[in-house]
2 protein chains.
Amino acid sequence: MSLPFTIDEYRSRLAKVRGHMDEKGIELLLVADPANMNYLTGYDSWSFYVPQVVAVPRDPSDRPLWIGRQMDTAQAPLTSWLPAGNVVGYPEIYIQTRDSHPMDWIAGYLLNRGWDKRRIGIETDTYYLSPKALDRLRAGLPNSMFVDADLLVNWIRSVKSETELAYMRSAARLAERVMQVAIDTIAPGVRQCDAMAAIMATQIGGSAEFAGSPTALVPLLMSGRAAAAPHPVWTNERFKSDQTTCLELGASCHRYHAAIARTLQWGKPPKKLVNTTKIVEEGLEAALATIKSGIAAGDVEAAWRRVLDRNGLKKESRIGYAIGLGYPPDWGEHTISLRAGETTILEADTTIHVMLGMWMDDWGMEMSETVRVTRTGVECLTHFPRGLEVRT
Amino acid sequence: MSLPFTIDEYRSRLAKVRGHMDEKGIELLLVADPANMNYLTGYDSWSFYVPQVVAVPRDPSDRPLWIGRQMDTAQAPLTSWLPAGNVVGYPEIYIQTRDSHPMDWIAGYLLNRGWDKRRIGIETDTYYLSPKALDRLRAGLPNSMFVDADLLVNWIRSVKSETELAYMRSAARLAERVMQVAIDTIAPGVRQCDAMAAIMATQIGGSAEFAGSPTALVPLLMSGRAAAAPHPVWTNERFKSDQTTCLELGASCHRYHAAIARTLQWGKPPKKLVNTTKIVEEGLEAALATIKSGIAAGDVEAAWRRVLDRNGLKKESRIGYAIGLGYPPDWGEHTISLRAGETTILEADTTIHVMLGMWMDDWGMEMSETVRVTRTGVECLTHFPRGLEVRT
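Residues numbered from 1 in each chain as written. Chains lettered and ligands numbered in written order. Predicted model: local features only at pLDDT ≥ 70, side-chain atom pairs only at ≥ 80, totals over all residues. Heavy atoms only, no water.

Let's talk about the overall build of chain A
Okay, step 1: Along chain A, the regular secondary structure elements total 10 helices and 15 strands.
Okay, step 2: Relative to its length of 392 residues, chain A is compact, with a C-alpha radius of gyration of 23 Å against a globular reference of 21 Å.
Okay, step 3: In terms of its C-alpha atoms, chain A occupies a principal-axis envelope of roughly 70 × 45 × 40 Å.
Okay, step 4: Of all 392 residues assigned to chain A, the portion counted as buried reaches 65%.
Okay, step 5: Taking contacts inside chain A between residues at least 6 apart in sequence as the whole, the part at least 24 apart equals 69%.
Okay, step 6: Carbon and sulfur atoms provide 50% of the accessible area of chain A, an area that totals close to 13400 Å².
Okay, step 7: Treating the 43 positive side-chain charges of chain A as one cloud and the 46 negative ones as another, the clouds have centres 2 Å apart. (Helix = DSSP H or I, 4+ residues; strand = E, 2+ residues; numbered from the N terminus. Rg over C-alpha atoms; globule rule 2.2 N^0.38 Å. Buried < 20%, exposed > 50% of the residue type's maximum accessible area, 1.4 Å probe, protein only. Contact = heavy atoms within 4.5 Å. Areas by Shrake-Rupley, 256 points an atom, 1.4 Å probe, with all protein chains shown as cover. Lys, Arg positive; Asp, Glu negative; His and termini not counted. Charge placed at Lys NZ, Arg CZ, Asp CG, Glu CD.)

Some thoughts on the relation of the copies chain B and chain A
Okay, step 1: When chain B is fitted to chain A, the residual RMSD is 0.0 Å, and the transformation amounts to a turn of 180° plus an axial shift of 0.0 Å. The relationship between the two copies is best expressed as a two-fold rotation axis. Of the C-alpha atoms belonging to chain B, the one lying closest to the rotation axis is found on B:Pro131, 2.1 Å away.
Okay, step 2: The fraction of interface residues of chain B whose copies in chain A are also interface residues reaches 100%, indicating that both copies meet through the same surface. (Least-squares fit on C-alpha atoms with pLDDT ≥ 70 in both.)

Here's the deal with the packing of aromatic side chains
Okay, step 1: Evaluation of the coordinates by the stated rule reveals 24 aromatic pairs over all chains.
Okay, step 2: On the numbers, 5.7 Å between centres and 65° between planes, the contact of A:Tyr128 with B:Tyr127 is edge-to-face. You can see A:Tyr128 sitting in the loop between strand S5 (119-122) and helix H5 (131-140) and its partner B:Tyr127 sitting in the loop between strand S5 (119-122) and helix H5 (131-140), one on each of two chains.
Okay, step 3: Accessibility expressed as a relative area gives 15% for B:Tyr127, which makes it buried.
Okay, step 4: The structure contains a cluster of three or more aromatic residues connected by ring pairs, namely A:Trp46, A:Phe48, A:Tyr127, A:Tyr128, A:Tyr327, B:Trp46, B:Phe48, B:Tyr127, B:Tyr128 and B:Tyr327.
Okay, step 5: Between the NZ or CZ atom of A:Arg13 and the centre of the ring of A:Phe5, over which it lies, the distance is 4.2 Å. (Phe/Tyr/Trp six-rings, centres within 6.5 Å; stacked < 30°, edge-to-face > 60°. Lys NZ or Arg CZ within 6 Å of the ring centre and 35° of its normal.)

Let's talk about the pattern of salt bridges
All names here are of chain A.
Okay, step 1: All chains considered together, the criterion is met by 44 salt bridges over all chains.
Okay, step 2: The shortest N-O distance in the salt bridge between Asp 194 and Arg 191 comes to 2.9 Å.
Okay, step 3: Notably, a salt bridge pairs Asp 349 with Arg 372, separated by 2.7 Å at the nearest N-O pair. Separated by 23 residues along the polypeptide, Asp 349 in the loop between strand S11 (332-337) and strand S12 (351-359) and Arg 372 in strand S13 (residues 364-373) bring together distant segments of the chain. (Salt bridge = Lys/Arg side-chain N within 4 Å of Asp/Glu carboxyl O.)

So, helix H9 (residues 271-290) of chain A
Think of an α-helix as turning once every 3.6 residues; residues three or four places apart then point the same way.
Residue and element names in this part refer to chain A.
Okay, step 1: When the terminal C-alpha atoms of H9 are compared, their 29 Å separation across 20 residues agrees well with the 28 Å that a helix rising 1.5 Å per residue should span.
Okay, step 2: Within the sequence span of H9, burial applies to Leu 273, Thr 276, Thr 277, Ile 279, Val 280, Gly 283, Leu 284, Ala 286, Ala 287 and Leu 288.
Okay, step 3: Among the structural elements, strand S8 (243-253), strand S9 (256-266), helix H10 (297-310), S12, S13 and strand S14 (378-380) are those in contact with the buried residues of H9. (Expected span 1.5 Å × (residues − 1).)

Topic: the state of the cysteines
Okay, step 1: Going through the model one piece at a time under the given rule, you end up with zero disulfides over all chains.
Okay, step 2: Left unpaired, A:Cys246 is separated from the closest cysteine sulfur, that of A:Cys380, by 19 Å.
Okay, step 3: Classification of A:Cys246 as buried rests on a relative accessible area of 0%.
Okay, step 4: Between A:Cys253, a free cysteine, and B:Cys193, which holds the nearest cysteine sulfur, the sulfur-to-sulfur gap is 11 Å. (Disulfide = S-S within 2.5 Å.)

Observations regarding the side chain of A:Glu301
Residues and elements named next belong to chain A.
Okay, step 1: Considering the arrangement of structural elements, one finds Glu 301 in helix H10.
Okay, step 2: The exposure class assigned to Glu 301 is buried, which follows from its relative accessible area of 2%.
Okay, step 3: When near neighbours in sequence (up to four residues on either side) are disregarded, Glu 301 contacts Ile 319, Leu 338, Arg 339 and Ala 340.

Description of the sheet that holds strand S4 (residues 87-90) of chain B
Pairing between the strands of a sheet is mediated by backbone hydrogen bonds and can be parallel or antiparallel.
Residue and element names in this part refer to chain B.
Okay, step 1: Here we have six strands laid out as an open sheet, ordered S4-S3-S2-S1-S5-S6, and mixed in their pairing. The sheet terminates laterally at S4 and strand S6 (145-148), the two strands that pair on one side only. In this sheet, adjacent strand axes meet at a mean angle of 25° when their direction is disregarded.
Okay, step 2: In terms of strand pairing, strand S2 (residues 53-57) meets strand S3 (residues 65-69) through three bridges, oriented antiparallel. Across the sheet, Ala 55 pairs through a bridge with Leu 65, a residue of S3. (Pairing = 2+ DSSP bridges. Axes fitted to C-alpha atoms, helices over the stretch in contact; angles between N-to-C directions.)

Focus: the domain arrangement of chain A
All names here are of chain A.
Okay, step 1: Segmentation of chain A into domains returns domain 1 (7-157) and domain 2 (162-391).
Okay, step 2: Placing the centre of domain 1 and that of domain 2 at their C-alpha centroids yields a distance of 33 Å.
Okay, step 3: Domain 1 puts 17 residues into the contact, and the matching count from domain 2 is 15 residues.
Okay, step 4: In terms of surface lost to domain 2, no three residues of domain 1 exceed Tyr 127, Trp 155 and Arg 157, which account for 36% of the buried area on that side.
Okay, step 5: Here domain 1 and domain 2 share three salt bridges between them.
Okay, step 6: Note that Arg 157 is salt-bridged to Glu 333, the shortest N-O span being 3.5 Å.
Okay, step 7: Counting every contact that joins domain 1 to domain 2 gives seven residue pairs in polar contact (both at pLDDT 80 or more).
Okay, step 8: Listing elements by their share of the side of domain 1 that touches domain 2, those giving two or more residues are helix H1 (7-24), helix H2 (34-41) and helix H6 (152-157).
Okay, step 9: The greatest single-element share of the side of domain 1 that touches domain 2, amounting to four residues, is contributed by H2.
Okay, step 10: For the side of domain 1 that touches domain 2, the residue count by class is 10 nonpolar, three polar and four charged. (Domains from an automatic or database assignment. Buried area = accessible area lost by both parts, 1.4 Å probe. Polar contact = N/O pair within 3.5 Å; in protein donor to acceptor, adjacent residues only side chain to side chain. Nonpolar A, V, L, I, M, F, W, Y, C, P; charged D, E, K, R; others polar.)

Some thoughts on the nonpolar core
Okay, step 1: Core analysis: the biggest nonpolar cluster contains 210 residues, and A:Leu29, A:Leu137, B:Leu29 and B:Leu137 have the highest contact counts within it.
Okay, step 2: The residues contacting B:Leu137, other than those within four sequence positions of it, are B:Leu30, B:Met103, B:Ile106, B:Ala107, B:Ile122 and B:Phe146.
Okay, step 3: A:Ala286, A:Ile291, A:Val300 and A:Leu346 belong to the second-largest nonpolar core, a separate cluster that totals 32 residues. (Core = buried A, V, L, I, M, F, W, Y, C linked by side-chain atoms within 4.5 Å.)

Some details on the side chain of B:Ser252
Okay, step 1: With respect to the element layout, B:Ser252 can be found in strand S8 (residues 243-253).
Okay, step 2: Within the structure, the side chain of B:Ser252 is placed 2.7 Å from the side chain of B:Ser213, a separation counted as a polar contact.

Some remarks on the interface of chain B and chain A
Okay, step 1: In this assembly, 78 residues from chain B lie in contact with 78 residues from chain A.
Okay, step 2: Broken down residue by residue, the surface that chain B buries against chain A is led by B:Trp46, B:Tyr49 and B:His231, which jointly contribute 12%.
Okay, step 3: Summed over the shared surface of chain B and chain A, the number is four salt bridges.
Okay, step 4: With its nearest N and O atoms 3.2 Å apart, the salt bridge here joins A:Lys132 to B:Asp148.
Okay, step 5: On inspection of chain B and its partner chain A, the count reaches 40 residue pairs in polar contact (both at pLDDT 80 or more).
Okay, step 6: At the level of secondary structure, the elements contributing two or more residues to the side of chain B that touches chain A comprise helix H3 (76-79), H5, helix H8 (192-205) and strand S11 (332-337) of chain B.
Okay, step 7: The greatest single-element share of the side of chain B that touches chain A, amounting to eight residues, is contributed by H8(B).
Okay, step 8: Here the side of chain B that touches chain A is built from residues that sort into 40 nonpolar, 20 polar and 18 charged.

Next up, the structure:
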């Protein structure tokens, strides 16, 4: 097995996590977000549809434990740096059954290990820890005190290492190829699903150096009426001549994502689309020109909004969010948001999807870049002509 | 827009749900599982990465409401039968922010509507309702009593209608094609990711009649060492001659799934693989011969186990589960499990993925079918030769 990162890098992540645990007085951290589990241990599997956690004790002499379904323990030696003794499986009988829950077993295990009389940090707003799971954990650990540790690991991983950035640059190269395939495939008469098949085959084929995977956020293709809605599902309808298609695409390398959105016009572009695209491009440049470490997230949005205001346009939703390591259903990291009044200070080596989607009543357009915040400005990871792509 | 089902079918589903609500004394049901939301309203979007619910009042004169992110309300008229007045959006400012939560807004909305002094049923073990979301909902609705309604809708949808079965048969035809593409593509020297690109492109291209989508459970390809683990991720390694590959694949039609697993051997098959395949095929036949409505799920497993016992083999995990409508990360419905001692009685028109995976220390084999339970026996939805596929 070859790990995507050195063991030293995993250790330094753990050290940062333990630092944050100290600050919050957390003695045992239970991590259920599969991206956070991967970040700390390397563990990578489509096993997160059943309960599983990584347990991080505060004491650095205690290595973290992966605890999950017995059959999935076999995946740990294939993907993680944890020694066999730190991989623990619960019996199959706990899977999707009426009278017991995997968390009953996990609570019992932690109790038997003497890890119960502690302040336990828990991710309370992640997809893969349900209210019932947390209730059962609490019930089985009556001597523990539970502390909200939501996003604790997410904030740490918002700042990327050199190797993480290298993977995101590789993902960006692939994302550009995915965008080109989309633009080259979409044409009047082609079915949406056939274009999407070409798009996802390119994502998954990856490059000569790495295997791709489906992006954590599914590719989004907004055409015709559906261009008014930002997260549609594709159909078997055929593209038409004189049609606008928004493409929010991306690619991943070792589950690190780069995203890019562009707008494709078949036939003569409507004037409002041409005008809006120019304004949005100017607004994107203004937003990117503002970004550097030390700036508040809200200031980036303000720079964009000034361009919109001057041109009489409105956009209610945020214009960007932290992106990086992710599992379905989201490539966003749920930390930084670029939106009005947001006081979060941008740090160097955070990575952001600056996403400008204008979804009007019955049409839309999109333009986005994935960028890295630097001390002096911004590194745009994605490279693709920004203007409207027009085909006839 | 063309709905995949008649409005009468959606209404009859709602009537069944209200019947179960009555039994449990639930006056308002909040559904957060995107498959259940789709089942009741048709709503289909990749928007479930932010909080959203369908609210079902017990009174049949009150139509259900879809409540979610403002920008995603645009998807409702494209996919659901709900009138515009029953689609409610919360403001963007609630998205992934520190001091408020979308459920604060949703609780306030329900309160203002006078729907608070009720017994509210909630799905407590679904992926897309977090502990924090439920806490905020409770905090905002202090006069409500919360009742566990986990799997209430799942159990109803475990029994399929004629149209649902038609979609599953269409999915089965596509799944067979996906399996054939996999077997035709995998060969020594081909990279795993390139085979997966071909597999997923076939899933997504769908058929002449419908658009495919990625299956809710990602295609699983277990080759070499990874064949010992049931939920691996593919890599850019090349297939070797003299290698066994397990394929757990599937396809979906309108998000209704059919799954199928087979084992492919390149080169001379090891004797243990040939022998195990024969035993598993015999066990599968024994299990299928037992299935019919009125039989307990555990009896099906017992028939399989008798064959294994006679041949000195062991398998700890369940041998099947309800399958149907699903969103990532799972195509299973979390209701019926075929396992030792399970007392659930199988009903006619439930659909089950009978999944026989033998994951040994450093090798594995798999064989599965998606079936429909009938009054007299079983309809096998998937058709593909069951034996080991051998290529040289």
